[in-house]
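Architecture at a glance
One-letter residues, chain by chain:
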Amino acid sequence: MKKVNWKRVGYFGAVIGLLIFLHYLKVLAPLESRLHSALNPVLGRFYAAGAKVRLLYNSQTDRRDLASAAEELTHRVNRLTEENARLKALENENETLREFLKFKNNNGRKTVLAAIIGKSDLDQANQTVMLDRGSKDGLALGLAVLNEDGHIFGKVIDTTENSAQVCLVTSSQCQFAVAIQNKSRTIGIAKGDLGLTVKMELIPQSEVIKNGNVVVTSGLERNIPGGIVVGSVSQVIKENNELWQDARIEPMIGIDDTMIVSVLLSK
């Protein structure tokens, strides 16, 4: 162990004490002033550097806090969005069921509510949907399928015990006996046109048909009563020197928005 040089320690102590004494007597004031002036730029740089370090640290800390807060807010917004979507879906479903109940009370015929559980999108011209009700619920071939407003949505074309296949009113394989609500109550057969609209063909040229005329089921088809709305005439196709004319019908349903339908049972 190195021996302490007490003589040197005493010397430094005496010098420090003398400097302190002279400082209080203001003897060193001129020297201290010049020393401060010389060191001020250096001290300023050190202070500025320290301030930058503090600002950078605080900035990084704030960023981490803001990022954490933003992440929490994002999770909260996602949860609220999901909850809102679920409540909106329930609201829409309840509104649809209320419309069906109103239609059922006004119609007087027995109906079966069914949910759409599948859709065939491969062939737009012959589009069909699958229902979660079948023959055990009273569904049979040829029954009319209606939307919540009581308008024609399609027709049952196949059934199993627990499910049914329905051709949409715009499908080429879907046909209905219809009547146009004009002065002569023109009757005929309407069928889906390429999955887009409904077309009524072979109408005598003498029949007066106008855009906007409402088209309903005629009641001449087995199991489908008359007066159910199919759509309205959107175009009359009439050629000179021809025996017949055609009418293009715009269906009054939103096919893509429909999730629940009603099947009108036979009496």
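Residues numbered from 1 in each chain as written. Predicted model: local features only at pLDDT ≥ 70, side-chain atom pairs only at ≥ 80, totals over all residues. Heavy atoms only, no water.

Section: the overall build of the protein chain
For the protein chain, the helix and strand inventory stands at two helices and 12 strands. Going from the N terminus to the C terminus, the protein chain shows its helices and strands as α-α-β-β-β-β-β-β-β-β-β-β-β-β. Counting the 267 residues in the protein chain, one finds 33% classified as buried. In the protein chain, 54% of the contacts between residues at least 6 apart in sequence involve partners at least 24 apart. Put simply, the protein chain shows about 17600 Å² of open surface, and 57% of that area lies on carbon and sulfur atoms. (Helix = DSSP H or I, 4+ residues; strand = E, 2+ residues; numbered from the N terminus. Buried < 20%, exposed > 50% of the residue type's maximum accessible area, 1.4 Å probe, protein only. Contact = heavy atoms within 4.5 Å. Areas by Shrake-Rupley, 256 points an atom, 1.4 Å probe, with all protein chains shown as cover.)

Digging into the state of the cysteines
Among covalent bonds in proteins, the disulfide is the one between the sulfur atoms of two cysteines. For the structure shown, the criterion picks out one disulfide. Sulfur-sulfur distance for the disulfide between Cys 167 and Cys 174 comes to 2.4 Å. Residues Cys 167 and Cys 174 are joined by a disulfide whose S-S torsion is about 65°; by sign, that bridge is right-handed. For the pair Cys 167 and Cys 174, a shared accessibility class is recorded, and that class is buried. (Disulfide = S-S within 2.5 Å.)

A word on the sheet that holds strand S7 (residues 187–193)
Spatial ordering of the closed barrel is given by S6-S7-S8-S11-S10-S9, a layout of six strands whose pairing is antiparallel. Across the sheet, the axes of successive neighbouring strands diverge by a mean angle of 40°, strand direction being ignored. Summarising the sheet, strand S9 (residues 214–217) and strand S10 (residues 229–238) pair through three bridges and their orientation is antiparallel. Paired with Val 214 across the strands is Ser 232, a residue of S10. (Pairing = 2+ DSSP bridges. Axes fitted to C-alpha atoms, helices over the stretch in contact; angles between N-to-C directions.)

Topic: the sheet that holds strand S12 (residues 260–264)
Ordered by their spatial adjacency, six strands build a closed barrel running S1-S2-S5-S4-S3-S12, and the pairing between neighbours is antiparallel. Taken over all neighbouring pairs, the strand axes of this sheet differ in orientation by 45° on average, direction set aside. Note that strand S4 (residues 152–159) and strand S5 (residues 164–168) share five bridges and pair antiparallel. Looking at the pairing, Thr 159 lines up with Ala 164 of S5.

Comments concerning the pattern of salt bridges
Under the criterion given, the structure shown has five salt bridges. Residues Asp 137 and Lys 136 are paired through a salt bridge, measuring 3.5 Å at the closest nitrogen-oxygen approach. Given the relative accessible area of 18%, Asp 137 is considered buried. Among the ionic pairs, Asp 193 bridges to Arg 248, the shortest N-O distance being 2.4 Å. (Salt bridge = Lys/Arg side-chain N within 4 Å of Asp/Glu carboxyl O.)

Considering the packing of aromatic side chains
Per the stated rule, a full pass over the model turns up zero aromatic pairs. In this structure, Lys 155 is placed above the aromatic ring of Phe 176, and the distance from its NZ or CZ to the ring centre is 4.6 Å. (Phe/Tyr/Trp six-rings, centres within 6.5 Å; stacked < 30°, edge-to-face > 60°. Lys NZ or Arg CZ within 6 Å of the ring centre and 35° of its normal.)

Things to note about the pairing of strand S8 (residues 197–204)
Summarising the sheet, S7 and S8 pair through four bridges and their orientation is antiparallel. Its bridge partner lying in S8, Lys 191 is registered against Lys 199. Once S7 ends, the chain turns through three residues before running back antiparallel as S8, passing Leu 194 with a positive phi of about 60°. Across five bridges, the pairing between S8 and strand S11 (residues 244–251) is antiparallel. Across the sheet, residue Met 200 finds its bridge partner in S11, namely Ala 247.

Remarks on the nonpolar core
General note: in soluble globular proteins, nonpolar side chains tend to be found buried as a group. Counting residues in hydrophobic clusters, the biggest one holds 40 residues, and the most contacted among them are Leu 131, Ile 152, Phe 153, Met 200 and Val 263. Examining the composition of this core, we find that four residues originate from one element, S5, more than from any other. When sequence neighbours within four positions are dropped, the list of residues in contact with Met 200 reads Val 178, Ile 180, Thr 186, Ile 187, Gly 188, Ile 189, Ala 190, Gln 245, Asp 246, Ala 247 and Ile 249. (Core = buried A, V, L, I, M, F, W, Y, C linked by side-chain atoms within 4.5 Å.)

Some details on the pairing of strand S1 (residues 111–120)
In this sheet, S12 lies alongside S1 in antiparallel orientation, the contact comprising five bridges. Counted as the bridge partner of Val 112 is Val 263 from S12. Both S1 and strand S2 (residues 128–131) contribute to a ladder of four bridges, which runs antiparallel. What sits directly across from Ile 116, in S2, is Leu 131.

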